[in-house]
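The residues making up each chain are set out below.
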Amino acid sequence: MIIGIFEVSEPNHYSAVNGLLKTYASDPDNEIIVYTLPSIQKALEENGLPKNSQLVVLEENQSLTKLLDEAETITFDRIHICTIFDNYVEFARFKPQAQDIYFHVHQIEEWYNDNFDRAINTLIPSLKNKDQNRQYSRIIARSIRDYLFYRPLRKKMLEQFERDYNLQLIVHSQGQKEALFEYNCQSPITIFPFAIYEGMEDSSQDNQLLRICIPGVITQAKRDYLTLFEVLEQNADSLADRIDLYLLGYVSDREKDEMGGAIQQLIDSGYKVYYHDSFVYGEEFDQAISNCDLLLNNQFISKNSTEVYGKTKESGMIFNMLRAAKPGLLPKEYNVSNEFGDCTLFFESYPHLVELIKEVVDNPEQLDRLKASARKLSVSYLPQNLYPRLVSTAAVAS
């Protein structure tokens, strides 16, 4: 097959592109062309490009319309449109030569909820978001533009894909698939992970302390760092010399004083805490999660009244667990598939989280069992094991 993969919108979606590319490339008879951004190009090349693939890069100041026009001259067996963000007009005009379009839906509500309430429920948290460095007027203008212009354009685009192609939807979890069913979605749906396992080496065996890693930008707008820090401080006498905390991200500009002070207070209570001054990606990111014992998700599960992680959208945390074959600590309300049960500890509150951490510290055999279960799960996410999900009968969802 000749497969086109389009990710020209979101540099943070490198893992999704890499997973698709490596999975299709596991069949040497396939030819894959990836249309993407310079930052994703760099990361893909660092990770190793398969021989049966090539990259077409949308350089800075280059016209996306021109890139898509050139792609229309190629006859594909199928294409994947991975993310559309602020380039709806260009993709609405895109007429590829292909039978099948696989469209990746990251945020169910954005594409399938037309209600005005949804626009309001999205706007209010954005205005309160400490991580937003934009002016309030721009946030409001973006919301108005999205509802009046982008929303009908998204609807028209889906109708066009359904009319002119064999449209199939890609989501990253069972929860998202169930959310689509709630909107009476009739298109075939395939569950494909946001990241894959490629045999990442585990370098945590010699850790003297239990290393807990939290990947992502350090902002209270997305994750509850302040409550976590508070309960850790309260338990410093029993935990500070037994664990270290790796915050695999940087503090957002608007929170440097508050969050920086909270981190320093945690350090002053006796903990070893590591964090960065800039965005972490590529080899540095992989080395950090390879060296950790547990991955912690302290995310706010409900972003607002309509957007819920594990249901209408997904978090990268689950897929970091898969990529690194690491066990996780997740909020109990996070909706994950049953296959994660043996490699995950679920906490009901942050005091409960501390109790779980103490149990792992006191019981090394429990950590060994969790890691063994994580490795077993991750093997099923090797490219060759995922390939049947992409090439199975179109009408059959994973």
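What this report covers is the structure whose coordinates are included nearby. Computed from a prediction, not measured in an experiment: that's the story for all the values here.

### Points about the state of the cysteines
- Following the criterion strictly, the structure yields 0 disulfides and no others.
- Between cysteine 213, a cysteine without a disulfide, and cysteine 292, which holds the nearest cysteine sulfur, the sulfur-to-sulfur distance is 4.9 Å.

### Points about the pairing of strand 3 (residues 53-57)
- Burial along strand 3 is one-sided: the residues Ser53, Leu55 and Val57 are buried and none of Gln54 and Val56 is.
- Here strand 2 (residues 31-36) runs beside strand 3; their pairing, made up of 5 bridges, is parallel. Looking at strand 3, one finds that valine 34 is bridged to leucine 55.
- With respect to chirality, the unit in which strand 2 leads through helix 2 (residues 38-47) into the neighbouring parallel strand 3 is right-handed.

### Quick notes on the packing of aromatic side chains
- Going through the model one piece at a time under the given rule, you end up with 10 aromatic pairs.
- Ring geometry for phenylalanine 194 and phenylalanine 319: centres 6.1 Å apart, planes at 45°, overall tilted. Note that phenylalanine 194 is positioned in the loop between strand 7 (189-191) and strand 8 (210-215) and phenylalanine 319 in helix 13 (residues 316-324), a separation of 125 residues in sequence.
- For phenylalanine 319, a relative accessible area of 5% corresponds to the buried category.
- The structure contains a cluster of three or more aromatic residues connected by ring pairs, namely Phe6, Tyr35, Phe76, Phe91 and Phe94.
- A cation sits over an aromatic face here: arginine 211 above tyrosine 274, 4.9 Å from the ring centre.

### Observations concerning the sheet that holds strand 12 (residues 328-331)
- If you trace the 6 strands from one edge of the open sheet to the other, you get 10-9-8-11-12-13, paired in parallel fashion. Edge positions in the sheet fall to strand 10 (272-276) and strand 13 (344-347), since each of these pairs with one other strand and no more. Geometrically, the sheet is characterised by an average inter-axis angle of 25° between neighbouring strands, direction not taken into account.
- Here strand 9 (residues 243-250) runs beside strand 10; their pairing, made up of 4 bridges, is parallel. Along strand 10, the bridge assignment pairs aspartate 244 with lysine 272.
- Contacts from helix 14 (residues 350-362) reach strand 8, strand 9, strand 11 (294-296), strand 12 and strand 13 within the one sheet, and its direction differs from that of strand 13 by about 145°.

### Structural notes on the side chain of threonine 23
- Locating threonine 23 in the fold gives a position in helix 1 (residues 14-25).
- On the basis of relative accessible area, threonine 23 is assigned to the buried category, the value being 0%.
- Sequence-distant contacts of threonine 23, defined by excluding residues within four places in its chain, comprise Phe192, Ile196, Pro383, Leu386, Tyr387 and Leu390.

### Remarks on the pattern of salt bridges
- Considering all chains together, one arrives at 11 salt bridges under this definition.
- Residue aspartate 202 pairs with lysine 326 through a salt bridge whose shortest N-O separation is 2.6 Å. Residue aspartate 202 is found in the loop between strand 7 and strand 8, and its partner lysine 326 is found in the loop between helix 13 and strand 12; the two are separated by 124 residues along the sequence. Note on accessibility: aspartate 202 and lysine 326 belong to one class, buried.
- Among the ionic pairs, lysine 358 bridges to glutamate 355, the shortest N-O distance being 3.9 Å. In this pair, lysine 358 and glutamate 355 both sit in helix 14, 3 residues apart, roughly one turn of the helix.
- Judged by relative accessible area, which is 39%, glutamate 355 ranks as partly exposed.

Calculation criteria
Residues numbered from 1 in each chain as written. Predicted model: local features only at pLDDT ≥ 70, side-chain atom pairs only at ≥ 80, totals over all residues. Heavy atoms only, no water. Disulfide = S-S within 2.5 Å. Buried < 20%, exposed > 50% of the residue type's maximum accessible area, 1.4 Å probe, protein only. Helix = DSSP H or I, 4+ residues; strand = E, 2+ residues; numbered from the N terminus. Pairing = 2+ DSSP bridges. Right-handed = clockwise from strand over helix to strand, strands pointing away. Phe/Tyr/Trp six-rings, centres within 6.5 Å; stacked < 30°, edge-to-face > 60°. Lys NZ or Arg CZ within 6 Å of the ring centre and 35° of its normal. Axes fitted to C-alpha atoms, helices over the stretch in contact; angles between N-to-C directions. Contact = heavy atoms within 4.5 Å. Salt bridge = Lys/Arg side-chain N within 4 Å of Asp/Glu carboxyl O.

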